[in-house]
Amino acid sequence: MKIPKALAKELELPVTCTHKGELVTLREFISKKDKKSYLSLSSLNPTQQAKITVERLKSKSEVKVGMIGGGMIDKERAIAEVKALSPLGQVFINSQQHIIDILIEEVESGRFKEFVQNYDD
């Protein structure tokens, strides 16, 4: 079975951190049986959330978001806002955390298991 392209990309992106602060990709999260060495999303501090979001934004070929009164937000500005933990950066963090929540929910339900077991780079 061929894995959907969007999911294949997500497998290589961070979804959480270890207790030592190292990023954990979705693939690593799926493959680890004992998830106690990973921080839960609710226990990530703002700096860890920003670190994850920055890495996820960097992986995108392009980021363009229109904002009333703020103009167009490109990838570089989005990353700068996230690093600064500004209100706009928090919007990017929240949106990525929502995506991660959905991905982890899918993993925990077992719905990704078939794709990941048959995934070949």
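See the structure printed just above.
Overview of the structure.

Calculation rules
- All residue numbers refer to position in the chain's written sequence, counted from 1.
- Per-residue local features are limited, in this predicted model, to residues with pLDDT of at least 70; the limit for side-chain atom pairs, both in listing and counting, is 80 or more; totals at the level of whole chains, interfaces and linings are taken over all residues.
- Side-chain measures were taken over the full set of non-hydrogen atoms in the model, leaving aside hydrogen atoms and water.
- Segments assigned H or I by DSSP are reported as helices when at least four residues long, segments assigned E as strands when at least two residues long, and all are numbered from the N terminus.
- Per-residue accessibility, obtained with a 1.4 Å probe over protein chains only, is compared with the maximum for each type, and a residue is labelled buried under 20%, exposed over 50%, and partly exposed between these values.
- Between two residues, a contact is recorded if the distance between any of their heavy atoms is within 4.5 Å.
- In this description, strands pair whenever DSSP reports at least two bridges between them.
- With axes taken as lines fitted to C-alpha atoms, and helix axes fitted only over the stretch in contact, angles between N-to-C directions fall between 0 and 180 degrees.
- Any angle from 65 to 115 degrees is called roughly perpendicular, while one under 35 is roughly parallel, one over 145 is roughly antiparallel, and all others are oblique.
- Ten residues, namely Ala, Val, Leu, Ile, Met, Phe, Trp, Tyr, Cys and Pro, are considered nonpolar, four, namely Asp, Glu, Lys and Arg, are considered charged, and the remaining ones, Gly among them, are considered polar.

1. Things to note about the overall build of the protein chain
If you tally the helices and strands in the protein chain, you get six helices and four strands. Going through the 121 residues of the protein chain one by one, you find that 40% of them count as buried. In the protein chain, of all internal contacts separated by at least 6 residues, the share reaching a separation of at least 24 is 48%.

2. Quick word on the pairing of strand β1 (residues 14–17)
Both β1 and strand β2 (residues 23–25) contribute to a ladder of three bridges, which runs antiparallel. Bridging from a neighbouring strand, Thr16 pairs with Val24 of β2. Between the end of β1 and the start of β2, which pair antiparallel, lie five residues, with Gly21 showing a positive phi angle near 90 degrees.

3. Thoughts on the packing of helix α3 (residues 46–58) against helix α4 (residues 75–83)
Contact pair α3 / α4: the axes reach a minimum separation of 9 Å and the direction vectors enclose 170 degrees. Taken together, the axis directions place α3 and α4 in an arrangement best described as roughly antiparallel. Across the interface between the two elements, Ala50, Thr53, Val54, Leu57 and Lys58 from α3 touch Lys75, Ala78, Ile79, Val82 and Lys83 from α4. For the contact of α3 with α4, the class distribution of residues is six nonpolar, one polar and three charged.

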